[in-house]
Amino acid sequence: MTLNRPLTFVIALSLALLDSGALARTQPKASEASAQPGQLARLPDGRALNFRCSGKGSPTVILEGGYAATSLAWTRVRAQVERTNRVCTYDRAGYGFSDPGPLPRDGAAIARDLDRGLRAARISGPFVLVGHSAGALYVRLLSNRRPLEVVGMVLVDPSVEHQDTRFAEVFGPGAGGVAPIRRKAAACLEAAELKQLPSTVAGLQNCVAKPRPDQPAKVTAARLAESLRASTWRTQVSELDSLWPATSDQIAAGRQTYGDMPLIVLTADGTYANAAPAQALWQNLHEELAARSSAGVNRVVANSSHMLMNEHPQVVAAAIAEVSATGRQSSPSR
C-alpha cells in the first residue's frame, strides 16, 4: 500500500489530544467530587496512587486511560458499569492526585504501579481490564502480571506494540511517530519548570486547559494545579519516549496468546477519517490483536472518533458486560 504524497500520521493515542483544550472538550462535565482524591493507595516506596471506585458485583472492572488521561476520562462509561459491577479508575503516577513516579514511565513501570496499587487499596479480582489507546498496552502488561485473575479484556481503539514501525512500513519513515505531540509536551514542560504557565505565548496557550463555564471553582483550581506542575509534563514526555520501543518491547517479550480469554477490541471508524489507507491498516492491527485469543473479536464502532468511550459509552459498557458475563463462567486456569 503506497500513497502518492508523503504523509506523517500522528498515532491514534495522540489524536484529539494535540492540546489540553481538545482533551477537555471531549470529557464529560466534572463534578465537584473530582476536585479531591478518591482513595489514596500507598505503594511500597511511599508514593500514593489515587483510585476512584464505585458499584458492586464481580468481576471488578479496571479502567485504564490513554495518553495524558486521568481517572476522570471514564466518567460516562463508569456511570453505566457501576450498575452491575465494581468498577475502578485511577490516576497514573504523575497525573491527577497521584504522586509522580521515577523515570522512565514505561509500560512495565506503569503496570507494576497499578499491580501494587490494587493490592494496597485491597481491590481484588477477578478482573476485567479495559484500556483505551496507549492504556491498552498497559493493561496487557498488567494481565501478564495477573494471568490467573484477569478473566477478560476490552481494548478501546487500542495502540499496539511497535505501531510506529507498522505504519512506517506502509507509509514511509516518520509515519506513526509521536513527534508533534512530544514537541508540545516538551514545550509545556520547559515553561512549567520556568514557572511561566499559564502563558499567552504561541504554542503554550493550550498547556493549561480553559475552564468550562459550568465547571465548579474547585474543579477549575484542581485542573489548573495539575497543569502547572512540571511533573505532569515530565510524565507525559517520558510516557511518549517509552512507547517505541521500550513499552512495545515489553509487550513483545510477554505472552503472545491469551488462550480462550474473552477479548473484545473496539475500533473507531473515524480515527483516520481523512486517510482511508491508514484507517484500513488501523483496523488490520486491531484484528491481529483480537486474534490473540480464540474468543477474541474485533468490532468497528460506527460514527466514532478515537475518543469513542465518551461519544458512545453505551457501546463500551455493553462490551464490558459481555466480557464480564463470559468471564464469570470461565475457569481461571489460563
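Calculation criteria
- Here the residue numbering is sequential within each chain, running from 1 through the sequence in written order.
- Residues qualify for local features only when their pLDDT is at least 70, as the model is predicted, and side-chain atom pairs are given and counted only at 80 or more; totals for whole chains, interfaces and linings, by contrast, use all residues.
- Excluded from the side-chain calculation are hydrogens and water; included are all heavy atoms of the structure.
- Axis angles are defined between N-to-C directions and span 0 to 180 degrees, where every axis is a line fitted to C-alpha atoms and, for a helix, only to the segment in contact.
- Each helix corresponds to a stretch of at least 4 residues labelled H or I by DSSP, and each strand to a stretch of at least 2 residues labelled E; elements are numbered beginning at the N terminus.
- Here the word oblique covers every angle except those under 35 degrees (roughly parallel), over 145 (roughly antiparallel) and from 65 to 115 (roughly perpendicular).
- Left-handed describes a crossing whose near helix is turned anticlockwise from the far helix by less than a right angle; the clockwise case is right-handed.
- Contact criterion: two residues are considered in contact whenever any of their non-hydrogen atoms come within 4.5 Å of each other.
- We call Asp, Glu, Lys and Arg charged. Ala, Val, Leu, Ile, Met, Phe, Trp, Tyr, Cys and Pro are nonpolar, and the rest, Gly among them, are polar.
- Only strands joined by at least two bridges in the DSSP assignment are considered to pair.
- Relative accessibility decides the category of a residue: with a 1.4 Å probe and only protein chains considered, values under 20% of the type maximum give buried, values over 50% give exposed, and everything between is partly exposed.
- When two cysteine sulfur atoms are found within 2.5 Å, that pair is recorded as a disulfide.
- Pairing of N or O atoms within 3.5 Å defines a polar contact, subject to two protein rules: one partner must be a possible hydrogen donor and the other a possible acceptor, and residues neighboring in sequence count only if both atoms are side-chain atoms.
- The criterion is simple. A nonpolar core is a set of buried Ala, Val, Leu, Ile, Met, Phe, Trp, Tyr and Cys residues joined through side-chain atoms within 4.5 Å.
- Here a helix's expected span is defined as the number of its residues, less one, multiplied by 1.5 Å.
- What the arc covers is the set of directions going from the helix axis to the C-beta atoms.
- Between Lys or Arg on one side and Asp or Glu on the other, a salt bridge is scored when a side-chain nitrogen of the former is within 4 Å of a carboxyl oxygen of the latter.

Running from N to C, helix α3 (residues 107–120) and helix α4 (residues 135–145) cross one another at 60 degrees; their axes reach a closest spacing of 9 Å. The orientation of α3 relative to α4 falls into the category oblique. Crossing handedness for the pair α3 and α4: right-handed. Contact residues: α3 offers Gly107, Ala108, Ile110, Ala111, Arg112, Leu114, Asp115 and Leu118, while α4 offers Tyr138, Leu141, Leu142 and Arg145. Of the residues belonging to the contact of α3 with α4, the class tally is eight nonpolar, one polar and three charged.

Whether parallel or antiparallel, the strands of a sheet pair through hydrogen bonds between backbone atoms. If you walk across this open sheet you meet the eight strands as β1-β2-β4-β3-β5-β6-β7-β8, and the pairing is mixed. Each edge of the open sheet is held by one strand with a lone partner, namely β1 (39–42) and β8 (296–301). The sheet shows a mean angle of 25 degrees between the axes of neighbouring strands, taken without regard to direction. The pairing of strand β6 (residues 150–156) with strand β7 (residues 263–268) spans four bridges and is classified as parallel. Counterpart to Met153 in the pairing with β7 is Leu263. Along the sheet, α3 contacts β1, β2 (48–54), β3 (60–64), β4 (87–91) and β5 (127–132); its crossing angle with β2, the most-contacted strand, is approximately 60 degrees.

Cis geometry marks the peptide bond from Gly125 to Pro126, where omega comes out at 5 degrees. With respect to the element layout, Pro126 can be found in the loop between α3 and β5. You will see that His162, though not glycine, has its phi angle at about 55 degrees, which is positive. Structurally, the position occupied by His162 is in the loop between β6 and α5 (163–171).

Of note, Ile181 is situated in helix α6 (residues 179–193). For Ile181, a relative accessible area of 1% gives the class buried. Sequence separation of Ile181 and Val237 is 56 residues, and the distance between their C-alpha atoms is 9.0 Å.

Summed over the entire model, instances satisfying the criterion amount to two disulfides. Two residues share a disulfide in this structure: Cys53 and Cys88, whose sulfurs sit 2.1 Å from each other. Taking the sign of the S-S torsion, 115 degrees for the link of Cys53 and Cys88, the bridge is right-handed. Residue Cys53 is found in strand β2, and its partner Cys88 is found in strand β4; the two are separated by 35 residues along the sequence.

The residue Glu239 is located in helix α8 (residues 230–252) in this model. At 3.5 Å, the side chain of Glu239 forms a polar contact with the side chain of Tyr95. Setting aside anything within four residues of it in sequence, one finds Glu239 in contact with Tyr67, Arg92, Tyr95, Arg105, Ile110 and Tyr138.

For the rest of this paragraph, the subject is the nonpolar core. Most often, soluble globular proteins keep nonpolar side chains buried together rather than apart. Counting residues in hydrophobic clusters, the biggest one holds 62 residues, and the most contacted among them are Phe51, Met153 and Phe167. Counting residues per element, this core draws most heavily on α8, at seven residues. Excluding its chain neighbours within four sequence positions, the residues that come into contact with Phe51 are Gly38, Gln39, Ala41, Thr89, Tyr90, Leu114, Gly117, Leu118, Ala121 and Ile123. Formed by 25 residues, the second largest nonpolar core is a distinct cluster that contains Val154, Ile264, Val301 and Ala319.

So, about helix α11 (residues 313–329). The terminal C-alpha atoms of α11, which comprises 17 residues, lie 25 Å apart, in line with the 24 Å expected from a rise of 1.5 Å per residue. Turning to α11, its buried residues number three or more, namely Pro313, Val316, Ala317, Ala319, Ile320, Val323, Ser324 and Gly327. All buried residues of α11 project into a common sector of 160 degrees when viewed along the axis, lining one side. At its buried positions, α11 is contacted by β3, α2 (75–81), β5, β6, β7 and α10 (308–311).

As a further point, take the pattern of salt bridges. Taken as a whole, this structure holds 17 salt bridges when the rule is applied. Notably, a salt bridge pairs Asp113 with Arg105, separated by 2.8 Å at the nearest N-O pair. For Arg105, a relative accessible area of 2% translates into the label buried. With its nearest N and O atoms 2.9 Å apart, the salt bridge here joins Glu161 to Arg292. Pair noted here: Glu161 is in the loop between β6 and α5 and Arg292 is in the loop between α9 (276–290) and β8, with a separation of 131 residues, a long-range link. It is possible to trace a salt-bridge network through shared partners that takes in Asp115, Arg119, Arg145, Arg146 and Glu149.

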